Amino acid sequence: MELHNVRVWVRMEPFLVGALQAPPPAKFSMHYLRKMATYVRTRAKDGCFPHLCWPMWRHIACGKLQLPDELAWVYFETFDLLVERSPEERLEWAEAVSQCSTHEELNRLRQKLSVDTLQFLLFLYTQQLNRVSLRTSVIGEEWPSPRARSPSPDHECKTSLQNKNCDDQAHLAFVQTHLSDLLELVLDPEQLSSSGHCAHDSLLSPEALRGLSFLLEGSVSKARAVHPLHELLSWAPLQTQAGYSKLSQAFSLQRLQAWLKDTLTLNPFGYTTCLKTGKKLAWAQQVEGTMKRAKIARNTHNAPAGSKMVLMSQVYKQTLAKDSEKLSGANVKLHRCNESFIYLLSPLRSVSVEKCRNTTLVLGPVQTSVHVQSCENVKVVCVAGRLSVCASSYCTFHMLTPTRPLLLSGNVALTLAPYHTNYPSLEDHMASVGLAVVPNLWDQPVCLGSEGIETPSPAPYGLLPPGEFNVLVVPFEMDGDTSEIPGGLPPLYQAAISHREQKVQAWQRTVKEARLNKEQRKQFQVLVEQKFHEWLLETGHRQQLDSLIPAPTDSKQAAG
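- By the naming in an unreviewed UniProt entry, the protein chain is TBCC domain-containing protein 1, taken from Polyodon spathula.
- In the Sequence similarities (unreviewed entry) part of its UniProt record, the protein chain is described as follows: "Belongs to the TBCC family."

### Digging into the overall build of the protein chain
For step 1, the next point in the chain: Regarding its fold elements, the protein chain presents 21 helices and 24 strands.
For step 2, the next point in the chain: Burial statistics for the protein chain: of 560 residues in total, 51% are counted as buried.
For step 3, the next point in the chain: Restricting to contacts in the protein chain with at least 6 residues of sequence separation, those with at least 24 account for 57%.
For step 4, the next point in the chain: Carbon and sulfur atoms make up 52% of the accessible area of the protein chain, which totals about 26500 Å².

### A look at the pattern of salt bridges
For step 1, the next point in the chain: Counted by the stated rule, this structure contains 14 salt bridges.
For step 2, the next point in the chain: With a closest N to O distance of 2.4 Å, Asp-46 and Arg-43 form a salt bridge.
For step 3, the next point in the chain: For Asp-46, a relative accessible area of 39% translates into the label partly exposed.
For step 4, the next point in the chain: The exposure class of Arg-43 is partly exposed, given its relative accessible area of 27%.

### Structural notes on helix 18 (residues 491–513)
For step 1, the next point in the chain: With 23 residues, helix 18 should cover 33 Å at 1.5 Å per step; its first-to-last C-alpha distance of 32 Å lies within 8% of that length.
For step 2, the next point in the chain: All of the buried residues along helix 18 are Tyr-493, Ala-496 and Ile-497.
For step 3, the next point in the chain: As for helix 18, its buried residues are in contact with strand 21 (414–418) and strand 24 (461–463).
For step 4, the next point in the chain: Just past helix 18, the residue Arg-515 takes up positive phi, approximately 50°.

### Quick look at the packing of aromatic side chains
For step 1, the next point in the chain: Summed over all chains, the structure comprises 19 aromatic pairs.
For step 2, the next point in the chain: Taken together, a centroid distance of 5.0 Å and an interplanar angle of 80° make the contact between Trp-54 and Trp-73 edge-to-face. Placement of the pair is Trp-54 in helix 3 (residues 54–64) and Trp-73 in helix 4 (residues 69–82), with a sequence separation of 19 residues.
For step 3, the next point in the chain: Trp-73 sits in the buried class, given a relative accessible area of 7%.
For step 4, the next point in the chain: Between Trp-54 and Phe-76, the ring centres sit 5.4 Å apart and the planes meet at 55°, which makes this aromatic pair tilted. Taken together, the residues Trp-54 in helix 3 and Phe-76 in helix 4 connect sequence positions 22 residues apart. Note on accessibility: Trp-54 and Phe-76 belong to one class, buried.
For step 5, the next point in the chain: An aromatic cluster of at least three residues, connected via ring pairs, comprises Trp-54, Trp-57, Trp-73, Phe-76, Phe-79, Phe-120, Phe-123 and Phe-214.
For step 6, the next point in the chain: When the ring centre of Trp-73 is taken as origin, the NZ or CZ atom of Arg-110, which lies over that ring, is 3.7 Å away.

### A short note on the sheet that holds strand 6 (residues 227–228)
For step 1, the next point in the chain: With respect to topology, four strands assemble into an open sheet ordered 6-5-1-9, the strand pairing being mixed. Two strands bound the open sheet, and with one partner strand each, they are strand 6 and strand 9 (264–265).
For step 2, the next point in the chain: As defined by bridge partners, strand 1 (residues 6–10) adjoins strand 9 across two bridges and the pair is classed as parallel. Of the residues in strand 9, the one forming a bridge with Trp-9 is Thr-265.
For step 3, the next point in the chain: Strands in contact with helix 15 (residues 253–263) are strand 1, strand 5 (216–220) and strand 9; relative to strand 1, the strand with the most contacts, it is inclined by about 90°.

### Digging into the sheet that holds strand 4 (residues 203–204)
For step 1, the next point in the chain: An order of 4-8-7 is seen for the three strands of this open sheet, with the pairing classed as antiparallel. Every interior strand has two partners, whereas the edge strands, strand 4 and strand 7 (244–245), have only one.
For step 2, the next point in the chain: Looking at chain direction, strand 7 and strand 8 (residues 250–252) are connected through two bridges and run antiparallel. Among the inter-strand pairings, Ser-245 is bridged to a residue of strand 8, identified as Ala-250.
For step 3, the next point in the chain: Running over the sheet, helix 15 touches strand 4 and strand 8 and is turned about 70° from strand 8.

### Quick look at the packing of helix 4 against helix 7 (residues 117–126)
Two numbers describe a pair of packed helices, the interaxial angle and the distance between the axes.
For step 1, the next point in the chain: Contact pair helix 4 / helix 7: the axes reach a minimum separation of 11 Å and the direction vectors enclose 115°. One element, helix 4, and the other, helix 7, form an angle in the roughly perpendicular class. In the crossing of helix 4 with helix 7, the sense of the turn from one axis to the other is right-handed. Residue-level inspection shows Tyr-75, Phe-76, Thr-78 and Phe-79 of helix 4 in contact with helix 7, the latter providing Gln-119, Phe-120 and Phe-123.
For step 2, the next point in the chain: Each residue belonging to the contact of helix 4 with helix 7 can be placed in one class, and the counts come to five nonpolar, two polar and no charged.

### Observations regarding the packing of helix 5 (residues 87–98) against helix 6 (residues 103–110)
For step 1, the next point in the chain: Look at helix 5 against helix 6: their axes get within 9 Å of each other, and the N-to-C directions meet at 150°. Taken as axis vectors, helix 5 and helix 6 run roughly antiparallel relative to one another. Of helix 6, the residues touching helix 5 (which contributes Trp-93, Ala-96 and Val-97) are Leu-106, Leu-109 and Arg-110.
For step 2, the next point in the chain: Looking at side-chain class alone, the contact of helix 5 with helix 6 contains five nonpolar, no polar and one charged residues.

### A word on the pairing of strand 15 (residues 350–354)
For step 1, the next point in the chain: Burial within strand 15 is extensive, with five of its five residues counted as buried.
For step 2, the next point in the chain: Of the two faces of strand 15, the one holding Ser-350, Ser-352 and Glu-354 and the one holding Val-351 and Val-353 are both buried throughout.
For step 3, the next point in the chain: Pairing of strand 13 (residues 331–335) with strand 15 involves five bridges; the strand directions are parallel. Residue pairing in the sheet places His-335 in a bridge with Glu-354 of strand 15.
For step 4, the next point in the chain: Two elements, strand 15 and strand 17 (residues 366–373), share four bridges in a ladder whose sense is parallel. Paired with Val-351 across the two strands is Val-370, which belongs to strand 17.

### Let's talk about helix 10 (residues 168–177)
For step 1, the next point in the chain: Of all 10 residues making up helix 10, 10 are buried, and the element is well covered by its neighbours.
For step 2, the next point in the chain: Looking at helix 10, one finds that the buried residues are Asp-168, Gln-169, Ala-170, His-171, Leu-172, Ala-173, Phe-174, Val-175, Gln-176 and Thr-177.
For step 3, the next point in the chain: Between the side-chain oxygen at the start of helix 10 and the backbone nitrogen of Gln-169 there is a gap of 3.0 Å, and the oxygen is on Asp-167.

### With respect to a nonpolar patch on the surface
For step 1, the next point in the chain: There is a patch of nonpolar side chains on the surface, built from Phe-532, Trp-535 and Leu-545 and spanning about 300 Å² of accessible area.
For step 2, the next point in the chain: Mapping Leu-545 onto the fold places it in helix 20 (residues 541–547).

Rules of the game
- Residues numbered from 1 in each chain as written.
- Predicted model: local features only at pLDDT ≥ 70, side-chain atom pairs only at ≥ 80, totals over all residues.
- Heavy atoms only, no water.
- UniProt positions renumbered as here; feature names shortened; annotations may be inferred.
- Helix = DSSP H or I, 4+ residues; strand = E, 2+ residues; numbered from the N terminus.
- Buried < 20%, exposed > 50% of the residue type's maximum accessible area, 1.4 Å probe, protein only.
- Contact = heavy atoms within 4.5 Å.
- Areas by Shrake-Rupley, 256 points an atom, 1.4 Å probe, with all protein chains shown as cover.
- Salt bridge = Lys/Arg side-chain N within 4 Å of Asp/Glu carboxyl O.
- Expected span 1.5 Å × (residues − 1).
- Phe/Tyr/Trp six-rings, centres within 6.5 Å; stacked < 30°, edge-to-face > 60°.
- Lys NZ or Arg CZ within 6 Å of the ring centre and 35° of its normal.
- Pairing = 2+ DSSP bridges.
- Axes fitted to C-alpha atoms, helices over the stretch in contact; angles between N-to-C directions.
- Parallel < 35°, antiparallel > 145°, perpendicular 65-115°, else oblique.
- Left-handed = near helix turned anticlockwise from the far one by under 90°.
- Nonpolar A, V, L, I, M, F, W, Y, C, P; charged D, E, K, R; others polar.
- Polar contact = N/O pair within 3.5 Å; in protein donor to acceptor, adjacent residues only side chain to side chain.
- Patch = residues over 30% accessible without salt bridge, like charges linked within 9 Å, V, L, I, M, F, W, Y side chains within 5 Å.

In structure tokens form, the structure reads like this:
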């Protein structure tokens, strides 16, 4: 089998969802992670290897890496979002957490959690993706280094479109640059030299290869089947190329590293390829004449689970609505959308919102995370595994989430509010991705800055006053049984809605008791409608209502 028939690439999710968009703790450096890699193997009987339990990670993080307890949990919880668990397992865990009435009970429950040790070590190392260095701040992009291949010419012109978490070329450059460190982290301690580094005759075990599968996957020839790295290298012809020895039942580290350098390529299912060759996505609602600049592409027709991408860029003055299998399980990126209302009412894998303004996003349940960066006056309505926000201002988040929202650096005047809508298939979609109505920590954010967990003054967020709270109605007909807001509303917000309803009923009684004649009722109706239209214009709701009128579409567009 020829070498060029094998392709290995960097998986998207460990960087897209796993790498927090904040500078990592100083002690996530290779020096300390190397010590941790040795330590966990010497404490295997204590719950450190091959699986690392929460109490031992807490001991290492707080006692040896000097992290606050809450930050240690944030990293552990973030990795857990990436672990493959069935929706039923997620729902069972949510139920168990919701029954904990004290912090002590919650800690006892968390002691049952464990993660793959080698994969978690690699996860901690990948936090360096967003490391801020003096070199970066002076000359710009830190990657690639001289050891990495040069990016393609069109990559430089797209840097404004892609941040590092979404940038598959940055992921490739990161792994190419740091491949030796990544391999060293998964080596058995006895394979290291006396100085604690790789030796020329170091051997990599199959167990270590499974750890590397957290970051790497690939395919053979032009086959569409995608395999984790350890499965790919279970085939005899590839084992020979990659330096496998039947005698030692391990891989030569030097030969494997050389093989990986020769076979590593750009992720064929990443945003770069999606933007170039992805299919277009048609919409149930779309205003004529304002979509010329918009770029909307998807790879959901040929991508494996976990690698499905939908990219929407430069959507302007649109109301777009989609409920489709083509969206289910997709990683969605919205970029530079402005003055638009976007409804993506399908279960999603992750959502990234970047450089959007004056836009409302109503999302189906998001299994992992919603990340909002460099946005202004954006409203996000969703159920999600996690919300994180960075460098954004005057944004409002109506959330139902089992984790504490992460507010990263650079935020100003954010508003947190309870989830306030429903659509007919919402609860079915929530069940399909393992999200429950409890616990719901929408109002308990964590502020995470360059120095770790912070308590900034003034706070970059506030809770929506109940008197300003309104319920959102999804203006589309759909099939399903959900007719109420899942989990209901917090008491203060429910009381505010009830009070407003009572005022409406009192107003209706007043009108009825006024006993207006036919002419007076007509004049009164004209006056009310006039005031209502003025209100629509003042609030900007007129644009949304106008855009809900379906535009004529041809059969080809409707089928897209």
